[in-house]
Structure formats: structure tokens, C-alpha cells
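# Fold and geometry: a report
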Amino acid sequence: MTVRRLDPVLVDRIAAGEVIERPAAAVKELVENAIDAGARSVAVAIAGGGRELIRVVDDGAGMTPQDLELAVERHATSKLPDGDLFAIRSLGFRGEALPSIGSVARLSIATRRHDAPQGCGLVVEAGEKGVVRPVAAAPGTRIEVSDLFVFTPARLKFLKSDRAEAQAVSEMLRRLAIAHPEIRFSLEGEHAGHFDWAAEPIGEEGLLRRLGRALGRDFPENALRIDAEREGFRISGFAGLPTFHRGTSAGVHMSVNGRPVRDKLLLSAVRGAYADVVPSDRHPVLFLDIGCDPRSVDVNVHPAKSEVRFRDPALVRGLVVSGLKAALAAAGHRATTTGGARTLDAFRAVLSMGGTGNAIPRPSFPETTNWGASPPSTYASPPQAGFSDFAASSADARAHLAEPAPDALDRPLGAARAQLHETYIVAQTREGVVIIDQHAAHERLVYERLKAERARSGIARQPLLLPEVVELDPVDADRLNAAAGELESLGLVLEPFGPGAVLVREAPAQLAGGNLQRLVRDVADALAEHGTTGSLERRLDHVLATMACHNSVRAGRRMRPEEMDALLREMEVTPNSGQCNHGRPTYVELKLSDIERLFGRR
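Structural notes, computed from the coordinates. (Residues numbered from 1 in each chain as written. Predicted model: local features only at pLDDT ≥ 70, side-chain atom pairs only at ≥ 80, totals over all residues. Heavy atoms only, no water.)

### Digging into the sheet that holds strand 21 (residues 432-437)
Backbone-to-backbone hydrogen bonds join strands into a sheet, with any given pair of strands oriented parallel or antiparallel. As a reminder of what qualifies: Two strands qualify as a pair provided DSSP detects at least 2 bridges between them. By definition, any uninterrupted DSSP run of H or I lasting at least four residues is a helix, any uninterrupted run of E lasting at least two residues is a strand, and each is numbered from the N terminus. The convention used is that axes are lines fitted to C-alpha atoms, helices contributing only their stretch in contact, and that angles between N-to-C directions extend from 0 to 180 degrees. In this analysis, two residues are considered to be in contact whenever any of their non-hydrogen atoms come within 4.5 Å of each other.
If you trace the four strands from one edge of the open sheet to the other, you get 19-20-21-25, paired in antiparallel fashion. Unpaired on one side and paired on the other, strand 19 (415-420) and strand 25 (587-591) mark the two borders of the sheet. If you compare each strand with its neighbour and ignore which way they point, the axes differ by 25° on average. The pairing of strand 21 with strand 25 spans five bridges and is classified as antiparallel. Across the sheet, V433 pairs through a bridge with L590, a residue of strand 25. Contacting strand 19, strand 20 (424-428) and strand 21, helix 12 (residues 438-456) runs over the sheet at an angle of about 70° to strand 21.

Quick look at the structure:
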């Protein structure tokens, strides 16, 4: 077969297959053009999931008739004035979007410069460009794309349902809106999740308000400010607390110089920063913008420009990990406000059931009851002598006899007042009540102590008077022997002791008196689960978390009031104490005002 030059329209359709693979990609290209044109308002409307109609209206700079005629030509753009592909400061730069869309759909453009007396319009159908004509148009640009892929039926077969395509458009536009809070964005269309987000003032307050709209109204009060800089790179934005997590990574939003990206390197850095505080099957919620010199990043490595390549990827990953970890550590004991809200919702659900099912029947009260008044004296009853026989050391029975320190109620976690079911500590603050899971909280405290010891001077070891033999599966024994060097740095000194057994000679001082048989078996399981992949530090942290679980206060142990208060005080000064090693919250806080509403006092 002879070699021949392809028809220009066919070339555009091939390019469209790379750039415009679905309606969301077409919307992305058009909205990016609007942002590059300096728009402060972008309105998007779709029909049929974007297949039947896409309309994008902006109030940007607009185009002259000469620019409009050239804009639909292949590789014609105003965004590379000096032709330098290594210093790209705009979102679009290839000049492929409009000709690619025009080759697979019917494209109509109406535009007008702000200083022009009238606008101009152009229609492109199946790659055939019409004549530029004068039209009535508002300042800015209005683009309509109808019957997308009508000239490439094969592409239509690979599209999903109208609902799925509309949701993809909505997700894409939300990502652009998060990266550019200073611009008003609106979306209309069936299944698209209509929204209209006003432009926000430039700065952290405006960004946080936009994030509240996009990531949920609970996000701002559960977010940590991120701001870190290193060697010409800067990350800024807001990251959710570890206990404010989601089931998918859809809540992870990142941009590079204002360009939304889903880059594997950056996602890996986020997972690494949260690995110690979020369950493995959950994902954090955050937005980070990475600012740098355009010459330090290549944005031309992916047809859809959704991935980037940094000149120094290790530097960027390290900056993201360290910036996030520093913010999480500075948050200390903070946990999400949604924990208390979920607890109150559970109470309300039980109360709303009335006397049905197994719920406790609600008493009926006269309509004239004054909820704010004190109960009449006839309700009082003499103390029951039987309760005086409980042991004084039991926090469940006599915690009220231990007066809190004068300033304890003003502390973030308050003063311990009781222990329920020998598992949960109830503390009182000036503004409400805090319920603490004693095992989860102490597990995190022990873990942080072990990590601090390892970083400072190595974990203190305690030799065993009588070394202990632990029998295991031969595979587990070999795994432990292979990791003996790592385990020794963590304070656990093991030696081979025949097939399928190890000898424990030394153990971490923090774990003295614990069940070494169970500890060694759990460490073997942790090594098997974590495998040989990942950094050495992450493997060690994983083993340390397993060790910490063995020396923490167990559920079912009674604690004295002074022990409970000491636990609360240590939580307040320990990083990441708002969640345990498995990512579960260590406490929930109930505001007094919410409790009063629950009982009808407000």
C-alpha cells in the first residue's frame, strides 16, 4: 500500500479521539479557555449528558473577527506568544480543542470584545468552517456544541448513560471551581446536580468558603490550613482532619499552578502522609495547590492534561508529605465535629421511634410544662443506701466524689467524671460533655511515645530474665528472622530457635509485662500483611502500631479518677491523639446546647 497524507478533517477527528473522549472532556476544554480569557463568570448547561447539547457562556475578553476565524484552525492559539513549551502559564495551550470539537459535532461560537460595538459569530459542522458574520452578543464568548460525536458513531457506542456522563461533567466542573474560587461557576442540566457558586474573594477565607460548598458544609470546621515551601515549590490549601474521611478518593483535590490534576505521584504522597492516621480502606478530604515556576513542571505529558511531570518529583513528594504531617501533628487531639453530630442523630432516631419496636417508650408530659424550670421538690428522693457499698476505687460508682482540678473544666477535654462499662470515660467541659474510648486513646499515646523514642535515641529495651520461646508457623518464623534487624531497632530482640520457633531475649521497655507470645504472633501477621513493599519507615511504623496495641489500657479495666484525668491531659499534648492507630476516633464531643435541644430545653 502506498503512503498518503490524511485528509485534514480526518486528522482533526483522530485528534478529537485523544482530546475529546467524552462530553466532560469537551466541557473541560471550553471552560479552561474561558478561564484563560479572564472570565469572572462561567455558566455551563448540558442536555442528554452532553451528547445533545453543551453550552458554555463566559464574560471573558472575547475575540475579534480575525481571531475567531483563526481560533477554529488546528494548532492556532494565543497562549504561546513566544512558542516556549517549557513556560506554560495558561490552562490551554495546544490550540486543539475547538477544531477537534468542530470535527465531531456542530459547533457554534458567538463572541464580542468588551470595547467592540458588536459581536461576531461562526459555525463549524463536521470540520467544515462557515463564514464569520456579525451577530448580537454580550461581551465575552458563547459556545454551543450540539450532537457531539454525530459524525463518529463508533465513539457514541463507548459513552455511558446520560446520568453517568452528566455526573462526569459535574465532577470535572467542580474540580475547576475549587481551583478557581474567584470565578463564579454554574451548571444546569438533567442528572448534573445543578449548582451556582458565587465568586469568592481572593484569599484563604474565600477558598475555604468554596471548599465548604464543594466538599460539604462540615468541611471548613474540620479543616487544617496547609502552607509549606521548599526550594521554589509551595503548597497551600486545606486538609481535613484524619477522622473526616470518605470511602473513595473523590474528596482528594489537587492542582498545579491552578490546573486541576489527578497525578499518581501526588495521590501517593497524600496516602503516605495520612497512612498513620486514616484506615486503609478510607480516604482523606483535602485541596492542595502546588505553586512553582512553570519550567519546573511539564504539563504536556498527557492528552487530557490530567497528569504532570515534575523536574524533581522526590522534592515535591517530600514537601507534600512533610507539609501534611506537620499540619496533622499541630492539630494535636482535634477530632471531627461530625462525631458528636452523629451521636446526637442516633439519640434522636431512638426518641423519634416512640414506643414502637424495642425502643423505650417516651413519657407524655402536659403541654404547659415549663422545660426551663427546676423540678418540684416532690420529685426528690432520699439517697439509696445500696449504692454506698461500691468500692471507692471504681470510677463507675464514685467518680463524683473526686473533685476536678480548678482549671480542668476549661481544658479542651475537660475533667473526667465517670467511667461507663469500664470502657468509656465521660468528661465534663464548660460547654458540654466528652466521651473517650480509653483503649483507642491510650493505644495512640503509646504509639506516639514509641515513635518519639525511636526518632530520639532508639527504643529502650529491657532484657528478659528468662528468654521466652514462641512457636510459630515455619513461614512466619522465617519472616521474623529476616526482619530481625528492623525489629531490634524497635526494641524487640529475637533469635532463631529451631524450625518454627523464635527466642525473645529483649522487649521494648514500654511493653514490659505484656503478653509476649501474642505480641510476637501479631508482629509476624503485621509483617505478612505489609509485605516487603513500601519504605522501611512505613514498615517500622506498622510494627510499632501493632506493639502499641498490646500495651494500651484495655476495655474492661477500671480506672481511678486521677488515671482518667492523666490520660486526658496527655491526649491534649500528643499529636494525632484524636484518632487511634486504626483511624477510628478516640473521642466524641457533645455540646451542651445540642443536648438541651435533644431534651426540649431549647
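Next comes the rest of the account.
### Topic: the packing of aromatic side chains
In plain terms, the rule: Pairs were defined over the aromatic rings of Phe, Tyr and Trp, the Trp ring being its six-membered one, requiring ring centres within 6.5 Å. Orientation was assigned from the angle between planes: stacked under 30 degrees, edge-to-face over 60, tilted for the rest. Remark: exposure states derive from per-residue accessible area (1.4 Å probe, protein chains only) relative to the maximum for the residue type, with buried under 20%, exposed over 50%, and partly exposed in between.
A complete count under the given rule lists three aromatic pairs for this structure. Ring centres 6.1 Å apart and planes at 70° place the aromatic pair F233 and F310 in the edge-to-face group. Of this pair, F233 sits in strand 11 (residues 233-240) while F310 sits in strand 18 (residues 309-310), and the two are 77 residues apart along the sequence. F310 gets classed as buried once you look at its relative accessible area, which sits at 6%.

### Looking at unusual backbone geometry
In this structure, D147 is a non-glycine residue whose phi angle is positive, near 55°. Relative to the helices and strands, D147 is located in the loop between strand 7 (140-146) and helix 5 (153-157).

### Comments concerning the pairing of strand 11
In terms of residue burial, strand 11 counts as a mostly covered element, since six of its eight residues are buried. Judged from the eight bridges that link them, strand 10 (residues 223-230) and strand 11 form a sheet pairing that is antiparallel. The residue of strand 11 that forms the bridge with E229 is R234. Counted along the chain from strand 10 to the antiparallel partner strand 11, the turn is two residues long, and its residue E231 has a positive phi close to 50°.

### Observations concerning the nonpolar core
We count it as follows: Here, nonpolar core refers to any group of buried Ala, Val, Leu, Ile, Met, Phe, Trp, Tyr and Cys residues whose side-chain atoms link them within 4.5 Å.
In terms of nonpolar packing, the biggest core is built from 47 residues, with V31, V42, V44, I54, L107, V145 and F185 touching the most fellow members. Those residues within four positions of V31 in sequence are excluded, and the remaining contacts are V42, V44, V56, L173, L176 and F185. Core analysis: the second largest hydrophobic core is formed by 38 residues, L224, A239, V270 and I290 among them.

### Describing the layout of surface pockets
Put simply, the test is: Each cavity reported here is a set of points on a 1 Å grid over the protein atoms alone in which a 1.4 Å probe fits but cannot get out, each pocket an open set with protein on both sides within 12 Å along at least five of seven lines, and each lining residue one with an atom within 4 Å of a point. Grid points are joined across faces, edges and corners, and a volume is the space filled by probe spheres set on the points.
Considering only enclosed or pocket space, the second largest pocket measures out at about 730 Å³ in volume. Lining the second largest pocket we find 31 residues, and of these N33, M63, A71, S78 and K79 sit closest to its centre. Of all the secondary structure elements, the ones that give two or more residues to the lining of the second largest pocket are helix 2 (23-36), strand 2 (53-58), helix 3 (65-71), helix 4 (97-104) and strand 7. By residue number, the principal contributor to the lining of the second largest pocket is helix 2, which donates five residues.

Take it as geometry only, folks, not as evidence of what the structure does.
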